[in-house]
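# Topology and contacts: notes
Chain by chain, the residues:
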Amino acid sequence: MQIDRFFHWLGEFLGDALRVVVDALSTLFAGLWVAIDRFFDGLARSLGVNPSLINLIVLVIGIWMLYRGIRALVRRAFVGGIIWLFLGLLVLGWLMR
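Before going into details, it helps to say that this report is about the structure given with it. Please read all numbers here as calculations on a predicted model, not as lab measurements.

Next up on the list: the nonpolar core. One finds A44, V49, L56, V58, L59, M65, V91, L92 and L95 forming the largest nonpolar core, which totals 9 residues. Elements represented by at least two residues in this core include exactly α2 (53-74) and α3 (78-96). In terms of residue count, α2 provides more of this core than any other element does, 4 residues in total. The contact partners of L95, leaving out residues within four places of it in the chain, are V49, N55, V58 and L59.

Here is the structure:
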């Protein structure tokens, strides 16, 4: 009988420990998800667009094009830089319209 109580206690202890770890990780990731969601919502609202996944992907593509244009200008590839900057501004202007 004594050994049964020990294993019962050990099972409860391990179950409680796992429960604490799972709850802590769940709280951490839920808070992280809320922070990311609010960041993208604030970013989209300040740009005047809806915070949808498609709009955020288009935003990233436009910023990437601007980045490519600036890198090309730094490397003194003026024609390529101007083209990349024009395309980036075109995409971002279309998005924010």
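This paragraph deals with the packing of α2 against α3. Relative orientation of the contacting elements α2 and α3 amounts to 160 degrees, with a least axis distance of 7 Å. One element, α2, and the other, α3, form an angle in the roughly antiparallel class. You can see that α2 and α3 cross each other, and the crossing is left-handed. Partitioned by chemical class, the residues of the contact of α2 with α3 number 19 nonpolar, 6 polar and 1 charged.

Right, let's talk about the environment of V91 for a bit. Looking at the element boundaries, V91 is found in helix α3. V91 sits 30 residues away from I61 along the chain, and the two C-alpha atoms are 8.0 Å apart. Excluding anything up to four places from it in sequence, V91 contacts V58, G62 and M65.

According to the stated counting rule, one finds 2 salt bridges in the structure shown. As a salt-bridge pair, D23 and R19 come within 3.7 Å of each other at their nearest N and O atoms. With D23 and R19 both in helix α1 (residues 2-47) and 4 residues apart, this pair spans about one turn of that helix. In this structure D23 comes out as partly exposed when scored by relative accessible area, which is 38%. A relative accessible area of 56% means that R19 is categorised as exposed. For R45, the salt bridge goes to D41, with nearest N and O atoms at 3.4 Å. Taken together, the residues R45 and D41, both in helix α1 and 4 residues apart, mark about one turn of the helix.

A positive phi is found at R76, a non-glycine position, where the angle reads about 70 degrees. Tracing the backbone shows R76 in the loop between α2 and α3.

Below, the discussion takes up α3. An α-helix turns once every 3.6 residues. As a result, residues three or four positions apart point the same way. Between the first and last C-alpha of α3 there are 26 Å, a value that for 19 residues agrees with the 27 Å anticipated at 1.5 Å per step. For α3, the full list of buried residues reads G81, G88, V91, L92 and L95. For α3, the angular spread of the buried residues around the axis is 105 degrees, confining them to a single face. Exposed and facing more than 90 degrees away from the buried side of α3 are F78, V79, I82, F86, L89 and W94. Residues of α3 that are buried sit in contact with α2.

Calculation criteria
Residues numbered from 1 in each chain as written. Predicted model: local features only at pLDDT ≥ 70, side-chain atom pairs only at ≥ 80, totals over all residues. Heavy atoms only, no water. Core = buried A, V, L, I, M, F, W, Y, C linked by side-chain atoms within 4.5 Å. Buried < 20%, exposed > 50% of the residue type's maximum accessible area, 1.4 Å probe, protein only. Helix = DSSP H or I, 4+ residues; strand = E, 2+ residues; numbered from the N terminus. Contact = heavy atoms within 4.5 Å. Axes fitted to C-alpha atoms, helices over the stretch in contact; angles between N-to-C directions. Parallel < 35°, antiparallel > 145°, perpendicular 65-115°, else oblique. Left-handed = near helix turned anticlockwise from the far one by under 90°. Nonpolar A, V, L, I, M, F, W, Y, C, P; charged D, E, K, R; others polar. Salt bridge = Lys/Arg side-chain N within 4 Å of Asp/Glu carboxyl O. Expected span 1.5 Å × (residues − 1). Arc of directions from axis to C-beta.

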